[in-house]
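Observations on chain architecture
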Amino acid sequence: MIMKISDLMDDIQLDFDALNWAAVPAEDAISSRRVKSLVHESIAGNRGDVALLHKLARPWLVVACAALLCLSISLGTYAYRHILQGAEVIDEQNRHLTSSEPEGTYKICPNGQIPAYQEPQLPENRIITGTAVSNLIPNSILEVPAEGGSYPELILPNGDMALLTQESGEGWRLAAGSCVTVSYELYATEGNGTTLLLGHVKDGIIMESQLVKDAFSGEYTFTASEDGEYYLYLMGASSDYVAVEKVSVEVE
(Lines give C-alpha, C1' and ligand atoms only; values in the text may rest on other atoms or scores of the structure.)
Protein backbone atom coordinates (compact mmCIF):
# COMPACT_ATOMS: atom_id res chain seq x y z
CA MET A 1 0.00 0.00 0.00
CA ILE A 2 1.29 3.46 -0.91
CA MET A 3 0.57 6.16 1.66
CA LYS A 4 1.55 9.82 1.65
CA ILE A 5 3.41 11.13 4.66
CA SER A 6 0.99 14.07 4.83
CA ASP A 7 -2.03 11.72 4.95
CA LEU A 8 -0.40 9.68 7.67
CA MET A 9 0.28 12.74 9.82
CA ASP A 10 -3.25 14.02 9.31
CA ASP A 11 -4.61 10.73 10.58
CA ILE A 12 -2.58 10.88 13.78
CA GLN A 13 -4.73 12.74 16.32
CA LEU A 14 -2.25 12.98 19.17
CA ASP A 15 -3.63 14.46 22.37
CA PHE A 16 -0.94 14.90 25.00
CA ASP A 17 -3.53 15.35 27.74
CA ALA A 18 -4.97 11.94 26.84
CA LEU A 19 -1.70 10.09 27.21
CA ASN A 20 -1.63 7.42 29.87
CA TRP A 21 0.37 9.46 32.36
CA ALA A 22 -0.96 7.41 35.27
CA ALA A 23 1.19 4.49 34.12
CA VAL A 24 4.34 6.56 34.52
CA PRO A 25 6.00 6.82 37.95
CA ALA A 26 6.12 10.40 39.20
CA GLU A 27 9.92 10.52 39.25
CA ASP A 28 10.06 9.58 35.53
CA ALA A 29 7.27 11.87 34.37
CA ILE A 30 9.59 14.21 32.48
CA SER A 31 11.81 11.51 31.07
CA SER A 32 12.21 11.93 27.29
CA ARG A 33 12.34 8.15 26.97
CA ARG A 34 9.04 7.78 28.76
CA VAL A 35 7.36 10.50 26.71
CA LYS A 36 8.60 8.88 23.50
CA SER A 37 7.21 5.53 24.64
CA LEU A 38 3.82 7.07 25.39
CA VAL A 39 3.71 8.83 22.04
CA HIS A 40 4.48 5.58 20.25
CA GLU A 41 1.72 3.83 22.19
CA SER A 42 -0.75 6.56 21.25
CA ILE A 43 0.23 6.40 17.60
CA ALA A 44 -0.08 2.62 17.69
CA GLY A 45 -3.58 2.99 19.07
CA ASN A 46 -4.57 5.35 16.24
CA ARG A 47 -2.83 3.60 13.37
CA GLY A 48 -2.41 0.11 14.71
CA ASP A 49 1.21 -0.18 13.63
CA VAL A 50 4.10 1.90 14.98
CA ALA A 51 6.47 -0.05 12.71
CA LEU A 52 4.88 1.70 9.74
CA LEU A 53 6.25 5.04 10.93
CA HIS A 54 9.70 3.55 11.41
CA LYS A 55 9.58 1.99 7.96
CA LEU A 56 8.57 5.30 6.36
CA ALA A 57 11.04 7.42 8.32
CA ARG A 58 14.13 5.25 7.84
CA PRO A 59 14.68 5.91 4.08
CA TRP A 60 14.09 9.62 4.54
CA LEU A 61 16.65 9.69 7.35
CA VAL A 62 19.23 7.94 5.18
CA VAL A 63 18.58 10.37 2.31
CA ALA A 64 18.85 13.38 4.63
CA CYS A 65 22.15 12.18 6.11
CA ALA A 66 23.58 11.52 2.65
CA ALA A 67 22.50 14.98 1.46
CA LEU A 68 24.11 16.67 4.47
CA LEU A 69 27.33 14.71 3.92
CA CYS A 70 27.47 15.71 0.25
CA LEU A 71 26.76 19.33 1.14
CA SER A 72 29.53 19.44 3.74
CA ILE A 73 32.02 17.89 1.31
CA SER A 74 30.99 20.34 -1.43
CA LEU A 75 31.33 23.35 0.86
CA GLY A 76 34.75 22.16 2.05
CA THR A 77 35.92 21.62 -1.53
CA TYR A 78 34.51 25.02 -2.59
CA ALA A 79 36.32 26.82 0.23
CA TYR A 80 39.59 25.06 -0.51
CA ARG A 81 39.42 25.61 -4.25
CA HIS A 82 38.74 29.33 -4.13
CA ILE A 83 41.03 30.64 -1.44
CA LEU A 84 44.76 31.25 -1.88
CA GLN A 85 46.83 32.62 0.97
CA GLY A 86 49.52 33.98 -1.35
CA ALA A 87 51.52 33.18 -4.47
CA GLU A 88 51.84 29.46 -5.08
CA VAL A 89 53.61 27.06 -7.40
CA ILE A 90 50.97 25.50 -9.66
CA ASP A 91 50.25 21.83 -8.98
CA GLU A 92 47.33 19.45 -9.42
CA GLN A 93 45.52 20.85 -6.37
CA ASN A 94 45.35 24.45 -7.58
CA ARG A 95 45.65 24.11 -11.36
CA HIS A 96 41.89 24.61 -11.81
CA LEU A 97 42.34 28.19 -10.55
CA THR A 98 44.36 29.17 -13.62
CA SER A 99 41.12 29.64 -15.57
CA SER A 100 38.76 30.84 -12.85
CA GLU A 101 37.94 34.09 -11.11
CA PRO A 102 38.75 34.38 -7.39
CA GLU A 103 35.96 34.67 -4.86
CA GLY A 104 35.77 38.08 -3.19
CA THR A 105 35.89 38.54 0.59
CA TYR A 106 34.26 41.39 2.44
CA LYS A 107 34.47 42.68 5.98
CA ILE A 108 31.32 43.98 7.65
CA CYS A 109 31.86 46.90 10.01
CA PRO A 110 29.26 46.81 12.83
CA ASN A 111 27.40 50.08 13.43
CA GLY A 112 29.36 51.72 10.62
CA GLN A 113 32.57 51.70 12.66
CA ILE A 114 35.40 51.64 10.13
CA PRO A 115 38.70 50.36 11.57
CA ALA A 116 41.53 52.89 11.79
CA TYR A 117 43.92 52.85 8.84
CA GLN A 118 47.10 50.92 9.44
CA GLU A 119 50.26 51.38 7.41
CA PRO A 120 51.04 48.17 5.49
CA GLN A 121 54.08 46.31 6.71
CA LEU A 122 56.52 44.14 4.80
CA PRO A 123 55.72 40.47 5.37
CA GLU A 124 58.34 38.44 7.18
CA ASN A 125 61.07 37.30 4.77
CA ARG A 126 64.84 36.95 4.59
CA ILE A 127 65.58 39.08 1.51
CA ILE A 128 63.52 42.27 1.23
CA THR A 129 64.00 44.95 3.88
CA GLY A 130 62.39 48.00 2.26
CA THR A 131 60.98 49.60 -0.88
CA ALA A 132 61.96 52.54 -3.05
CA VAL A 133 58.65 52.39 -4.93
CA SER A 134 55.76 54.30 -3.38
CA ASN A 135 52.91 52.06 -2.13
CA LEU A 136 54.60 48.90 -3.37
CA ILE A 137 54.45 46.55 -0.40
CA PRO A 138 53.44 42.96 -1.17
CA ASN A 139 50.91 41.07 0.92
CA SER A 140 53.15 38.01 0.89
CA ILE A 141 56.48 36.94 -0.58
CA LEU A 142 57.15 33.50 -2.03
CA GLU A 143 60.77 32.63 -2.85
CA VAL A 144 60.96 30.66 -6.11
CA PRO A 145 64.36 29.11 -6.85
CA ALA A 146 65.26 27.98 -10.35
CA GLU A 147 64.93 24.26 -11.05
CA GLY A 148 67.35 22.93 -13.64
CA GLY A 149 67.70 26.35 -15.22
CA SER A 150 63.97 27.09 -15.43
CA TYR A 151 61.17 28.13 -13.08
CA PRO A 152 57.93 26.35 -12.15
CA GLU A 153 54.48 27.57 -13.12
CA LEU A 154 53.07 30.14 -10.71
CA ILE A 155 49.71 31.54 -9.68
CA LEU A 156 49.62 35.06 -8.22
CA PRO A 157 46.68 36.60 -6.35
CA ASN A 158 46.41 40.37 -6.21
CA GLY A 159 49.25 41.94 -4.22
CA ASP A 160 51.24 38.73 -3.75
CA MET A 161 54.84 38.45 -4.94
CA ALA A 162 56.93 35.63 -6.37
CA LEU A 163 60.61 36.40 -5.83
CA LEU A 164 62.88 34.64 -8.31
CA THR A 165 66.28 33.38 -7.12
CA GLN A 166 69.08 31.20 -8.45
CA GLU A 167 68.99 27.48 -7.71
CA SER A 168 71.01 28.11 -4.54
CA GLY A 169 68.34 30.50 -3.27
CA GLU A 170 70.69 33.46 -3.61
CA GLY A 171 70.39 36.47 -5.88
CA TRP A 172 72.60 37.53 -8.78
CA ARG A 173 75.82 39.40 -8.02
CA LEU A 174 75.86 41.94 -10.84
CA ALA A 175 78.37 44.56 -11.87
CA ALA A 176 77.18 47.98 -12.98
CA GLY A 177 76.07 47.86 -16.62
CA SER A 178 74.94 44.20 -16.53
CA CYS A 179 71.72 43.61 -18.48
CA VAL A 180 68.98 41.29 -17.20
CA THR A 181 65.93 40.10 -19.14
CA VAL A 182 62.92 38.30 -17.66
CA SER A 183 60.71 36.57 -20.26
CA TYR A 184 57.26 35.28 -19.37
CA GLU A 185 54.16 33.61 -20.75
CA LEU A 186 50.79 33.66 -18.97
CA TYR A 187 47.75 31.42 -19.06
CA ALA A 188 44.69 33.07 -20.55
CA THR A 189 42.10 33.63 -17.81
CA GLU A 190 38.41 34.45 -17.75
CA GLY A 191 37.37 37.71 -16.13
CA ASN A 192 38.40 41.33 -16.29
CA GLY A 193 41.87 40.92 -17.82
CA THR A 194 45.33 40.34 -16.44
CA THR A 195 47.67 42.87 -14.85
CA LEU A 196 51.20 41.94 -13.80
CA LEU A 197 54.03 43.80 -12.11
CA LEU A 198 57.64 42.89 -12.90
CA GLY A 199 60.67 44.41 -11.29
CA HIS A 200 63.86 43.85 -9.34
CA VAL A 201 65.23 44.07 -5.82
CA LYS A 202 68.69 45.52 -5.20
CA ASP A 203 70.49 44.86 -1.92
CA GLY A 204 67.20 44.16 -0.18
CA ILE A 205 65.29 47.16 -1.55
CA ILE A 206 62.38 46.88 -4.01
CA MET A 207 63.34 49.03 -6.97
CA GLU A 208 61.50 49.99 -10.17
CA SER A 209 58.52 48.02 -11.43
CA GLN A 210 56.97 47.62 -14.85
CA LEU A 211 53.20 47.30 -15.16
CA VAL A 212 51.99 44.93 -17.88
CA LYS A 213 48.28 44.75 -18.72
CA ASP A 214 46.54 42.15 -20.91
CA ALA A 215 49.81 40.93 -22.43
CA PHE A 216 50.02 37.16 -22.16
CA SER A 217 53.69 37.12 -23.11
CA GLY A 218 56.50 39.63 -22.99
CA GLU A 219 59.81 40.71 -21.46
CA TYR A 220 61.08 42.90 -18.69
CA THR A 221 64.62 44.24 -19.13
CA PHE A 222 66.75 46.39 -16.88
CA THR A 223 70.40 47.41 -16.60
CA ALA A 224 72.16 47.29 -13.23
CA SER A 225 72.87 50.83 -12.13
CA GLU A 226 75.68 49.76 -9.81
CA ASP A 227 77.32 46.69 -8.30
CA GLY A 228 75.12 44.72 -5.93
CA GLU A 229 73.00 41.65 -5.29
CA TYR A 230 69.84 41.56 -7.37
CA TYR A 231 66.63 39.55 -7.23
CA LEU A 232 63.73 39.57 -9.67
CA TYR A 233 60.02 39.53 -8.91
CA LEU A 234 56.60 39.04 -10.42
CA MET A 235 53.56 40.34 -8.57
CA GLY A 236 49.83 39.99 -9.18
CA ALA A 237 48.14 43.36 -9.77
CA SER A 238 44.81 42.17 -11.09
CA SER A 239 41.46 41.35 -9.51
CA ASP A 240 41.84 37.98 -11.23
CA TYR A 241 44.54 35.44 -10.52
CA VAL A 242 47.64 35.82 -12.70
CA ALA A 243 48.77 32.37 -13.83
CA VAL A 244 52.35 32.24 -15.09
CA GLU A 245 52.98 29.36 -17.46
CA LYS A 246 56.64 30.03 -18.25
CA VAL A 247 59.29 32.39 -16.92
CA SER A 248 63.03 32.56 -17.64
CA VAL A 249 65.92 34.82 -16.70
CA GLU A 250 68.86 35.82 -18.89
CA VAL A 251 71.86 37.80 -17.59
CA GLU A 252 74.39 39.43 -19.91
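Placed above this text is the structure.
Our subject in this report is the structure included herewith. (Residues numbered from 1 in each chain as written. Predicted model: local features only at pLDDT ≥ 70, side-chain atom pairs only at ≥ 80, totals over all residues. Heavy atoms only, no water.)

**Some words on the overall build of the protein chain**
Formally: By the criteria applied, helices consist of DSSP H or I runs no shorter than four residues and strands consist of E runs no shorter than two, each listed in order from the N terminus. Accessible area is worked out with a 1.4 Å probe on protein chains only. A residue is then buried under 20% of its type maximum, exposed over 50%, and partly exposed in between. Residue contacts are defined here by distance: any two heavy atoms, one from each residue, within 4.5 Å place the two residues in contact. We get accessible surface area from the Shrake-Rupley algorithm with a probe of 1.4 Å; when it comes to residues, only the shown protein chains can shield them.
Secondary structure assignment for the protein chain yields three helices and 12 strands. The burial tally for the protein chain puts 34% of its 252 residues in the buried class. Of all intrachain contacts in the protein chain linking residues separated by at least 6 positions in sequence, the fraction that spans at least 24 positions is 69%. A total of about 15700 Å² of accessible surface is found on the protein chain, and carbon and sulfur atoms cover 54% of it.

**A look at the sheet that holds strand E12 (residues 242-251)**
Note the threshold: Strand pairing is defined by DSSP finding a minimum of two bridges between the two strands.
Across the sheet, which stays open at both edges, the five strands sit in the order E1-E4-E12-E7-E10 with antiparallel pairing between neighbours. Each of the sheet's edge strands pairs with one partner strand only, and the pair in question is strand E1 (88-89) and strand E10 (217-223). The sheet contact formed by E1 and strand E4 (residues 154-156) spans two bridges and is antiparallel. Bridge pairing links valine 89 to leucine 154 in E4.

**Remarks on the nonpolar core**
Definition in use: As used here, the term nonpolar core means buried Ala, Val, Leu, Ile, Met, Phe, Trp, Tyr and Cys residues forming a set that is joined through side-chain atoms within 4.5 Å.
Counting 26 residues, the largest nonpolar core has Leu156, Leu196, Leu198, Leu234 and Val244 as its most contacted members. Of all the secondary structure elements, the ones that give two or more residues to this core are E4, strand E5 (160-165), strand E6 (172-174), strand E7 (179-186), strand E8 (195-202), E10, strand E11 (228-236) and E12. Ranked by residue count, the leading element in this core is E7, at four residues. Beyond its immediate sequence surroundings of up to four residues, valine 244 is in contact with Ile90, Glu153, Leu154, Leu156, Glu185, Leu186, Tyr187 and Leu234. Membership of the second largest hydrophobic core comes to 12 residues, among which are Ile128, Ile206, Tyr231 and Tyr233.

**Notes on the side chain of lysine 202**
Convention followed: Definition of a polar contact: a pair of N or O atoms within 3.5 Å, with one able to donate and the other able to accept a hydrogen when the atoms are protein atoms, and with sequence-neighbouring residues admitted only if both atoms are side-chain atoms.
As for its position among the elements, lysine 202 is in strand E8. On the basis of relative accessible area, lysine 202 is assigned to the buried category, the value being 12%. Only 3.1 Å separates the side chain of lysine 202 from the side chain of aspartate 203, close enough to count as a polar contact. There is a polar contact of 2.7 Å between the side chain of lysine 202 and the side chain of glutamate 226. Setting aside its immediate chain neighbours within four residues, lysine 202 contacts Met207, Glu226, Asp227, Glu229 and Tyr230.

**Re the layout of surface pockets**
Note the following rule: The distinction between a cavity and a pocket rests on a 1 Å grid over the protein atoms alone: a 1.4 Å probe fits inside a cavity but cannot get out, while a pocket stays open yet meets protein on both sides within 12 Å along at least five of seven lines, and a residue with an atom within 4 Å of a point counts as lining. Grid points are joined across faces, edges and corners, and a volume is the space filled by probe spheres set on the points. Under the grouping applied here, Gly and all other residues not named as nonpolar or charged are polar, the nonpolar ones being Ala, Val, Leu, Ile, Met, Phe, Trp, Tyr, Cys and Pro and the charged ones Asp, Glu, Lys and Arg.
Its volume calculated, the second largest pocket comes out at about 170 Å³. As for the second largest pocket, its lining consists of Tyr117, Glu119, Pro120, Asn135, Leu136, Ile137, Pro138, Asn139, Asn158, Gly159 and Met235. Across the lining of the second largest pocket, the residue classes break down as six nonpolar, four polar and one charged.

**A few points about the packing of aromatic side chains**
As a reminder, the rule being used: Classification of ring pairs uses Phe, Tyr and Trp, with its six-membered ring standing for Trp, and accepts pairs whose centres are within 6.5 Å; under 30 degrees between planes counts as stacked, over 60 as edge-to-face, and the remaining range as tilted.
Going through the model one piece at a time under the given rule, you end up with two aromatic pairs. A ring pair is formed by phenylalanine 222 and tyrosine 230, whose centres lie 5.8 Å apart and whose planes are at 35°; its orientation type is tilted. Residue classification places phenylalanine 222 among the buried residues on the basis of a relative accessible area of 5%. In this structure tyrosine 230 comes out as buried when scored by relative accessible area, which is 2%.

**Points about the side chain of threonine 165**
In this fold, threonine 165 is placed in strand E5. Residue threonine 165 is classed as buried on the basis of its relative accessible area of 1%. With residues near it in sequence (within four places) discarded, threonine 165 still touches Ile127, Glu143, Val144, Pro145, Ala146, Tyr151, Glu170, Trp172 and Tyr231.

**Quick notes on the pairing of E12**
For a regular strand, side chains alternate in direction, first toward one face of the sheet and then toward the other. Examined bridge by bridge, E4 and E12 share three bridges and lie antiparallel to one another. When the sheet's bridge partners are listed, leucine 156 is paired in E12 with valine 242. Two strands pair when backbone bridges link them, and E7 and E12 are joined in this way by seven bridges, in the antiparallel orientation. Bridge assignment links valine 182 to a residue of E12, and that residue is valine 249.

**Some remarks on unusual backbone geometry**
The phi torsion at asparagine 135 lies on the positive side, around 65°, for a residue other than glycine. You can see asparagine 135 is positioned in the loop between strand E2 (130-131) and strand E3 (140-145). Judged by its relative accessible area of 78%, asparagine 135 falls in the exposed class. In this structure, aspartate 203 is a non-glycine residue whose phi angle is positive, near 50°. Secondary-structure assignment places aspartate 203 in the loop between E8 and strand E9 (205-213). Taking the relative accessible area as the measure of exposure, aspartate 203 reaches 44% and is therefore partly exposed.

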